[in-house]
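# Notes for the structure review
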Amino acid sequence: MRKSTFPSRNDFKKTYSKILLPFSWAPSIPTIIPHRIRRKLRSKVRSRQSPSTSLGNLETSYSPADTIESLRVHRWSFYDGQYLILIVLGIFSLCIIPSPGPLIKTALATLIIAALILPVTRQFLLPSLAIWSWLVFFYACGFIPSTWRPPIWVRVLPALENIFYGANLSNILSAHTSTFLSIMAWLPYGIIHFGAPAVCSIIMFVFAAPGTVPMFAKSFGWMNLIGVAIQLTFPCSPPWYENMYGLAPANYSIHGSPAGLAAIDKLFGIALYTPGFTGSPMVFGAFPSLHAGSAVMEALFMSHVFPRLTPLFALYTLWLWWATMYLSHHYAVDLVGGSLLSGVIFHVVKSKFLPRQQPNKFLRWDYDFVEVGDDPAEKGYISLDSGTEDADDWTVGSSSSVSSDSRSPIDESDSWEGATLASHSDSEAQR
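Criteria and cut-off values
- Residues numbered from 1 in each chain as written.
- Predicted model: local features only at pLDDT ≥ 70, side-chain atom pairs only at ≥ 80, totals over all residues.
- Heavy atoms only, no water.
- UniProt positions renumbered as here; feature names shortened; annotations may be inferred.
- Phe/Tyr/Trp six-rings, centres within 6.5 Å; stacked < 30°, edge-to-face > 60°.
- Helix = DSSP H or I, 4+ residues; strand = E, 2+ residues; numbered from the N terminus.
- Buried < 20%, exposed > 50% of the residue type's maximum accessible area, 1.4 Å probe, protein only.
- Lys NZ or Arg CZ within 6 Å of the ring centre and 35° of its normal.
- Expected span 1.5 Å × (residues − 1).
- Polar contact = N/O pair within 3.5 Å; in protein donor to acceptor, adjacent residues only side chain to side chain.
- Contact = heavy atoms within 4.5 Å.
- Salt bridge = Lys/Arg side-chain N within 4 Å of Asp/Glu carboxyl O.
- Patch = residues over 30% accessible without salt bridge, like charges linked within 9 Å, V, L, I, M, F, W, Y side chains within 5 Å.
- Areas by Shrake-Rupley, 256 points an atom, 1.4 Å probe, with all protein chains shown as cover.
- Axes fitted to C-alpha atoms, helices over the stretch in contact; angles between N-to-C directions.
- Parallel < 35°, antiparallel > 145°, perpendicular 65-115°, else oblique.
- Nonpolar A, V, L, I, M, F, W, Y, C, P; charged D, E, K, R; others polar.
- Core = buried A, V, L, I, M, F, W, Y, C linked by side-chain atoms within 4.5 Å.

By the naming in an unreviewed UniProt entry, the chain goes by Phosphatidic acid phosphatase type 2/haloperoxidase domain-containing protein and is assigned to Letharia columbiana. In the Subcellular location (unreviewed entry) part of its UniProt record, the chain is described as follows: "Membrane".

### With respect to the packing of aromatic side chains
Evaluation of the coordinates by the stated rule reveals 20 aromatic pairs. Look at Phe216 and Phe220: their rings are 5.9 Å apart centre to centre, the planes differ by 35°, and that puts the pair in the tilted class. Residue Phe216 and its partner Phe220 are located together in helix H11 (residues 212-233), separated by four residues, close to a single helical turn. Using a relative accessible area of 6% as the deciding quantity, one classes Phe220 as buried. Members of the aromatic cluster, joined through ring pairs, are Trp134, Phe216, Phe220, Phe301 and Phe346. Sitting over the ring of Phe205, Arg364 keeps its end group 4.1 Å from the ring centre.

### A few points about helix H15 (residues 290-305)
Relative to the 22 Å expected for 16 residues at 1.5 Å per residue, H15 spans 23 Å between its end C-alpha atoms, a close match to the ideal helical length. In terms of burial, H15 is a largely internal element, 15 of the 16 residues being buried. Capping the start of H15 is the job of one residue whose side-chain oxygen sits 3.2 Å from the backbone nitrogen of Ala292: Ser289.

### Looking at the UniProt feature "transmembrane region" (unreviewed entry) in the chain
In the numbering used here, UniProt assigns the "transmembrane region" (unreviewed entry) feature to residues 78-97, 129-148, 186-208, 220-241, 267-287, 299-322 and 328-349. Across residues 328-349 one finds 82% helix and 0% strand; the C-alpha atoms that close the span lie 32 Å apart.

### Some words on the side chain of Asn168
Locating Asn168 in the fold gives a position in the loop between helix H8 (156-165) and helix H9 (169-173). Within the structure, the side chain of Asn168 is placed 3.2 Å from the backbone nitrogen of Ser170, a separation counted as a polar contact. If we ignore the near neighbours within four places in the chain, the residues touching Asn168 are Glu161, Asn162, Glu242 and Tyr331.

### Focus: the pattern of salt bridges
Close approach of charged atoms lets side chains of opposite charge pair. All told, the structure shown has two salt bridges when counted by the stated rule. For Glu69, the salt bridge goes to Arg72, with nearest N and O atoms at 2.6 Å. Within this pair, Glu69 and its partner Arg72 are both found in helix H3 (residues 64-73), separated by three residues, close to a single helical turn. Between Arg356 and Glu371 there is a salt bridge, with its nearest N and O atoms 3.5 Å apart. Taken as a pair, Arg356 in the loop between helix H17 (332-352) and strand E1 (369-370) and Glu371 in the loop between E1 and strand E2 (382-383) lie far apart in primary sequence, 15 residues in all.

### With respect to a nonpolar patch on the surface
Taken together, the side chains of Ile163, Phe164, Tyr165, Val336 and Leu340 define a hydrophobic patch exposed on the protein surface, amounting to about 510 Å² of accessible area. Listed by contribution, the elements that provide at least two residues to the nonpolar patch are H8 and H17. Broken down by element, the nonpolar patch gets its largest block of residues, three residues, from H8. Tracing the backbone through its elements, the reader meets Ile163 in helix H8. Take Ile163: its relative accessible area is 62%, and that puts it in the exposed class.

### Quick look at the packing of H8 against H17
Contact geometry of H8 with H17 gives a least axis separation of 8 Å together with a crossing angle of 90°. Taken together, the axes of H8 and H17 are roughly perpendicular relative to one another. Between H8 and H17, the residues in contact are Leu157, Leu160, Glu161, Phe164 and Tyr165 and Ala332, Val333, Asp334 and Val336, respectively. The residue inventory of the contact of H8 with H17, partitioned by class, reads seven nonpolar, no polar and two charged.

### Comments concerning the nonpolar core
Residues Met204, Leu225, Met297 and Phe301 are the most contacted members of the largest nonpolar core, which totals 44 residues. Every element with two or more residues in this core is listed here: helix H4 (81-96), helix H5 (102-117), helix H7 (129-140), helix H10 (179-207), H11, H15 and H17. Looking at this core element by element, the count peaks at ten residues for H11. With near-sequence residues (within four places) excluded, Met297 lies in contact with Phe216, Ser219, Phe220, Met223, Ser342, Ile345 and Phe346.

### Section: the environment of Met244
Note on placement: Met244 falls in helix H12 (residues 239-245). The exposure class assigned to Met244 is partly exposed, which follows from its relative accessible area of 48%. Sequence separation of Met244 and Ala259 is 15 residues, and the distance between their C-alpha atoms is 9.7 Å.

### Topic: H7
Over its twelve residues, H7 extends 16 Å from the first C-alpha to the last, a length consistent with the 16 Å expected when each residue adds 1.5 Å. Turning to H7, its buried residues number three or more, namely Leu129, Ala130, Ile131, Ser133, Trp134, Phe137 and Ala140. The inward-facing, buried residues of H7 contact H4, helix H6 (119-125), H11 and H15.

Now the structure itself:
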């Protein structure tokens, strides 16, 4: 008999093996799911990708020359002034914080600059830069001398509460307490509030149009930064201060209070919130409420992605509003202030920079192009075949990242059926 020349299974395994590419992106699925199901899910996601889009790729370059080139082609606008503000806040925060020493502060600053120069790390750090700046600035507020700070307003918020609502809603809601109500208030205020931004970001990364998560991170960070700046320049006492000291004048030597959250510490027998609120760097930061601002910002972005679930997100916002007043941490006017701040920021971002959801797209991998702005009649779009999610990630959405004079994929004068972005760019090059 003639000997078979086909390679054996062992030879095949030796010849062909998986090649692991560093930083290559594939939708990861937890290993607790059986391999057969994971393989089907991966194939389903990959089958939805258009051949012309490279949304699945992350930036893997370590070359500073790519960053320099990105800055060279960037068309500067008014919105780029945000980075100058962040630089000033960063320098101020590092100078006002007493420890660590100058050498460690310089090393940290150098590390941040290096991370912004390298494209592989810049793609993650740049969109969240406002969030990190807010956290450092909030911590630094505890070291600002009281002689630099303005006087504390004790009567203004209770007066506005009575003018707008005819009563102190916080005192009314916190007059009758119980273990059940305390737990129901603790869940959104002390638990969900801290994890919601990360959960919303993950959900939007999968289901929203590419570029939505960076806009959410920048909006969330700037909302909190502006809120802390208002609290610093317009310090107001919260409801727990009125319950403890009445309307007596306040000074910066007074420590914070966990207020209604003290019941949670007592219930579990663990000091979860008392140390943090007692040593808070912003004791008199009642107005605006950043808890309310965060909830509204999350609800607005999630409603943008999932319009049908808007009532659910509104219900969560109302739940957190009630919790803040029940726990005696904010007046109702504080909630209105924080909500208005988030609403204004979201309106600006949505009208100019936020990618629009496309009705026939379910996952981010379905998108071949992203339409930016609130006006469907605009002829601008961002192509997603450039190798990265954003062609110019230094901007918040300025004209440098949107080809306003380009032909829109939804323009009726052009037929986009059966054509890809790659073929379109090739035809343009041939002209």
